Amino acid sequence: MPVNLTRNAIAMMNSGDVNSKPLVQVVDIKLIGNSQERYRFLLSDSESTQHAMLATQLNEQVRTGRVKKGSIIQLIDYICSTVQNRRIIVVLNMETIIPEYEIIGNPKLPTGSEPEANKSMPNNNLLEPSTRSTNNRYSAPAPANKAQSFQPTIQPAYQPPPNYKIQGPIMKNEAPARIIPIAALNPYQGRWAIKARVTAKGDLRRYNNARGDGKVFSFDLLDSDGGEIRVTCFNAVVDRFYNVVEVGKVYLISKGSLKPAQKNFNHLKNEWEIFLESNSTVELCPDEDGSIPRQQFSFRPITEIESAENNSILDVIGIVISVNPSVPILRKNGMETQRRILNLKDASGKSVELTLWGDFCNKEGQKLQEMVDSGLFPVLAVKAGKVNDFNGKSIGTISSTQLFTDPDCPEAQGLRAWFESGGRNTASISISKELMPGGSKNEIRKTLTQIKDEGLGRSDKPDWVTAKATVVFIKTDNFCYTACPLMIGDRQCNKKVTQSGNKRWLCDRCNQEFEECDYRYLLQVQIQDHTGLTWVTAFQEAGEEILGCSAKEMYLLKYELQDDTRFGEIIRSRLFHQYLFRLKIKEELYGDEQRVKITVVKVDKVNYSAESRYLLDMVTKNFPNRKQF
């Protein structure tokens, strides 16, 4: 059956047409580019030919043979640019109609194009468009290795698609700039404008370097074609736009400069980043544009996270099956922050731990804990979570992370339907393991006998384990000590203090006296599980969790009020309670003898619902072929 290519397609595209979706034939394919794989096509409409560059997200179609010499293709999205007085088509999206076909007609190069004797354009004389995006509809052109020697060119005017209808002039007394897709942006264009929604806005940060002090903030944009890009503002530009930009609003943005994206800090799938300048404009679109989505996700199943690279940024969605309390963590810089760990599961049969840091613990984290504690298991979508691969895979929040509880999207609806139709009772295997000292994770356990039999704590570094055990005895002699309440930097001294002759307390470390001291637990506790007994030491926070009151209250009862009856009642009431103990095990020198010391760094009451899920996971892991009943 004969194939009719779109007549005069090459001439129409050269004149600026971008909407006709022509049917053309690939008459030649060449692989070019040194630093990045790129393909150049020679396209034909049966009469004329034109060189075209393939956007890099379409490279797979050539590599897999879906597009080859002779293929009949339909151009879906494309632009036509002038480079060094040559016209070149940038193919952004296409569809293969016939994979193989004989060359149609006798196509010739158009007048003013490349001479027939020199059809092979040299790599060092061509501006090669490319893209980093694999999800976006368009891709951004990038210069070849020596393209910087060329002067910037202005693309010819063309009729924009309906989604990019101009709303008005960018500035008074000036012709309106062309609104183009984000993915079509490149540094070699003239005036442009984009219409996009702000999906994320970073905090205002201050910095100091060799050029002095400064301030910076960034925000992320999404347009109706799925193109994303980050916008960054410095110093005086921050003052103009920081209070103007709001998450969720749609803006017309123009007159920024494009520079290569800093991938260490920018996770968006775009090789460019916009830097706003003193003459840049950011105009709010008062009318809501329903064609621009509120957010764009690229979810990865939890089972795929297991093979993801460390520090990679990705989106994940799952059912929240457990939430641990928020705990304070001391950073390396001496500052304290909050950490909260929760577990997500999905239909892939795997679960993963999500670590919330800082404000995420108090806002979304507290809300999620209340929902799970009340028997609700919400769907949580995580935008831009960071992969950690230390002893397993987990996800952590970063400054650009966004959390969405029960989002209105097909993936969330499908996950909810799976969970309610039986997924709730399906055991899942965690891809996360015990990572952090004193953490709230309980996937890897040790019995008390294993601690001794495996010789834990006898290496150069301490061992950190979790044990489920019952408190069976608490020593009441020297259960606490008097501590220094003074602050050293942003931390309390906590050194043991003694009382001087004037009834004031003296700290040898701080070399100061004070009226009141602090009281801190130093509990010696015997715990027991089904394998044996051991002694552990519980300091302040762990002691408060075990006894249920402060060390000062217990000190006053025993030594000031001498109420031994009440003191004894409290001690006895705390016996035979079962906990999950996070233990630090390390061999230390006492006099001339090496002893293994076990310290309680965290105590959690047993959540029997979560404990049952853990046991089911262990059964599934150890007996993978066992039938589920």
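Rules used throughout
- Residues numbered from 1 in each chain as written.
- Predicted model: local features only at pLDDT ≥ 70, side-chain atom pairs only at ≥ 80, totals over all residues.
- Heavy atoms only, no water.
- UniProt positions renumbered as here; feature names shortened; annotations may be inferred.
- Salt bridge = Lys/Arg side-chain N within 4 Å of Asp/Glu carboxyl O.
- Helix = DSSP H or I, 4+ residues; strand = E, 2+ residues; numbered from the N terminus.
- Buried < 20%, exposed > 50% of the residue type's maximum accessible area, 1.4 Å probe, protein only.
- Core = buried A, V, L, I, M, F, W, Y, C linked by side-chain atoms within 4.5 Å.
- Contact = heavy atoms within 4.5 Å.
- Pairing = 2+ DSSP bridges.

By the naming in an unreviewed UniProt entry, the protein chain is Replication protein A subunit, taken from Gossypium armourianum. Recorded in UniProt under Function (unreviewed entry), the annotation for the protein chain is "Component of the replication protein A complex (RPA) required for DNA recombination, repair and replication. The activity of RPA is mediated by single-stranded DNA binding and protein interactions. Probably involved in repair of double-strand DNA breaks (DSBs) induced by genotoxic stresses."

A.B. asks: So what exactly am I meant to see when it comes to the pattern of salt bridges here?
C.D. replies: Counting across every chain of the model gives 22 salt bridges. Ionic pairing is found between Glu569 and Arg566, a salt bridge with its closest N-O pair at 3.6 Å. Of this pair, Glu569 and Arg566 both sit in helix α11 (residues 564–573), three residues apart, which is roughly one turn of the helix. When its relative accessible area of 38% is taken as the criterion, Glu569 is described as partly exposed. With a relative accessible area of 40%, Arg566 lands in the partly exposed category. Of the charged contacts, one joins Lys602 and Asp604 as a salt bridge, the two residues approaching to 2.9 Å between their closest N and O atoms.

A.B. asks: How should the nonpolar core be read in this particular structure?
C.D. replies: Most often, soluble globular proteins keep nonpolar side chains buried together rather than apart. Counting 44 residues, the largest nonpolar core has Val471, Ile474, Met554, Phe581 and Leu583 as its most contacted members. At five residues, the largest contribution of residues to this core is made by strand β23 (residues 463–474). Other than its neighbours up to four places away in sequence, Ile474 contacts Leu523, Gln524, Val525, Ile546, Leu547, Ile571, Arg574 and Leu575. With 33 residues, the next largest nonpolar core counts Phe299, Ile319, Leu354 and Leu403 among its residues.

A.B. asks: I keep staring at the sheet that holds strand β28 (residues 505–507) and nothing clicks. Help me out?
C.D. replies: Remark on secondary structure: sheet strands pair via backbone hydrogen bonds, oriented parallel or antiparallel. Here three strands make up an open sheet; going across it, the order is β27-β28-β29 and the pairing antiparallel. Taken across any chain shown, the strands that pair with only one partner, and hence form the sheet edges, are β27 (498–499) and β29 (512–514). The pairing of β27 with β28 spans two bridges and is antiparallel. Opposite Gln499, over in β28, you have Trp505 as the bridge partner.

A.B. asks: Can you walk me through the pairing of strand β2 (residues 38–44) in this structure?
C.D. replies: Of all seven residues making up β2, seven are buried, and the element is well covered by its neighbours. The alternating pattern of β2 places Arg38, Arg40, Leu42 and Ser44 and Tyr39, Phe41 and Leu43 on opposite faces, both of which are buried. The pairing of strand β1 (residues 23–32) with β2 spans seven bridges and is classified as antiparallel. Among the inter-strand pairings, Lys30 is bridged to a residue of β2, identified as Arg40.

A.B. asks: Could you clarify how one ought to interpret the environment of Gly532 in this entry?
C.D. replies: Residue placement: Gly532 occurs in strand β32 (residues 532–538). Residue Gly532 is classed as partly exposed on the basis of its relative accessible area, which comes to 22%. When the C-alpha positions of Gly532 and Ala469 are compared, they lie 9.6 Å apart, and in sequence the two are 63 residues distant. Other than its neighbours up to four places away in sequence, Gly532 contacts Leu448, Thr449 and Ile527.

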